[in-house]
Amino acid sequence: MGRKRSFDDDEVLARAREVFLEHGYEGTSIDALVKATGLLRGSLYGAFGSKRGMFVAALRDATDSESGDSGVLNLVLVALMELSDHDLEVRGLVRDYLVKLSCSESGDTNAVTVNVATLLGERLLQRAHVQLQSDNERSKS
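Residues numbered from 1 in each chain as written. Predicted model: local features only at pLDDT ≥ 70, side-chain atom pairs only at ≥ 80, totals over all residues. Heavy atoms only, no water.

- The chain carries the name Helix-turn-helix transcriptional regulator in an unreviewed UniProt entry, which gives Bifidobacterium asteroides as its organism.

**Details of the nonpolar core**
Most often, soluble globular proteins have nonpolar side chains that are buried together.
Then step 1. Ranked by size, the top nonpolar core spans 36 residues in total, and within it Phe20, Leu33, Phe48, Met54, Phe55, Leu59 and Leu75 carry the most contacts.
Then step 2. Among the secondary structure elements, those contributing two or more residues to this core are helix H1 (9-23), helix H2 (30-37), helix H3 (41-48), helix H4 (51-63), helix H5 (70-82), helix H6 (88-102) and helix H7 (109-127).
Then step 3. Excluding residues that lie within four positions of it along the chain, methionine 54 makes contacts with Val12, Leu13, Ala16, Phe20, Leu33, Thr37, Leu39, Leu44 and Phe48. (Core = buried A, V, L, I, M, F, W, Y, C linked by side-chain atoms within 4.5 Å. Buried < 20%, exposed > 50% of the residue type's maximum accessible area, 1.4 Å probe, protein only. Helix = DSSP H or I, 4+ residues; strand = E, 2+ residues; numbered from the N terminus. Contact = heavy atoms within 4.5 Å.)

**Points about the pattern of salt bridges**
Then step 1. In total, this model carries 7 salt bridges according to the counting rule given.
Then step 2. Note that arginine 17 and aspartate 61 form a salt bridge whose closest N and O atoms lie 3.3 Å from each other. Taken together, the positions of arginine 17 in helix H1 and aspartate 61 in helix H4 put the pair 44 residues apart, joining distant regions of the chain.
Then step 3. Residue aspartate 61 is classed as partly exposed on the basis of its relative accessible area of 30%.
Then step 4. In this structure, the salt-bridge partner of aspartate 31 is arginine 41, at a minimum N-O distance of 2.2 Å. In this pair, aspartate 31 is assigned in helix H2 and arginine 41 in helix H3, connecting sequence segments 10 residues apart.
Then step 5. Via salt bridges that share partners, Arg52, Arg60, Asp87 and Glu89 belong to a single interconnected network. (Salt bridge = Lys/Arg side-chain N within 4 Å of Asp/Glu carboxyl O.)

**A few points about unusual backbone geometry**
Then step 1. In this structure, histidine 129 takes a positive phi of about 60° despite not being glycine.
Then step 2. When its relative accessible area of 72% is taken as the criterion, histidine 129 is described as exposed.

**Things to note about H6**
Along an α-helix, residues three or four apart share an orientation, since each turn contains 3.6 residues.
Then step 1. Here H6 is 15 residues long and its end C-alpha atoms lie 21 Å apart, about the 21 Å a rise of 1.5 Å per residue gives.
Then step 2. Taken as a whole, H6 has its buried residues at Val90, Gly92, Leu93, Val94, Tyr97, Leu98, Leu101 and Ser102.
Then step 3. For H6, the side-chain oxygen to backbone nitrogen distance between the N-cap and glutamate 89 is 3.1 Å, and the N-cap itself is aspartate 87. (Expected span 1.5 Å × (residues − 1). Polar contact = N/O pair within 3.5 Å; in protein donor to acceptor, adjacent residues only side chain to side chain.)

**Comments concerning the packing of H1 against H5**
Then step 1. At a closest axis distance of 10 Å, the pairing of H1 and H5 adopts a crossing angle of 60°. With respect to H5, the element H1 is oriented oblique. For the crossing formed where H1 meets H5, the hand is left-handed. On the side of H1, the interface is formed by Arg17, Phe20 and Leu21, while H5 contributes Gly71, Asn74, Leu75 and Val78.
Then step 2. Looking at the contact of H1 with H5, its residues break down into 4 nonpolar, 2 polar and 1 charged. (Axes fitted to C-alpha atoms, helices over the stretch in contact; angles between N-to-C directions. Parallel < 35°, antiparallel > 145°, perpendicular 65-115°, else oblique. Left-handed = near helix turned anticlockwise from the far one by under 90°. Nonpolar A, V, L, I, M, F, W, Y, C, P; charged D, E, K, R; others polar.)

See below:
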């Protein structure tokens, strides 16, 4: 019989999410996750199996809500850019979240797609600290 966990999953996943958001999936090391979460390496592997397992748990936790807040959208962007093209589970989580997020929209599939793309595009630009100005705004500068 295994030992009872001595840590709060929600707190550990929130800390891991911060590391993944700061460094991306590929840029996040196990050592960074160990440091951020305060877990020992063995506890991390025992609870989540791997770095991927921790990312999937953080993504699942974040996308369980219908929230379109920036933290969730940024994690979805990391998943889209680094994992979803070759990881079917991650792709499914992202797809399900985006469908859930757009359910409040009209039944027009094209409009929903445009709204989701616009939302993700805006988050990507904000995450990259890129501000687009119109010609009028630039000429005023």
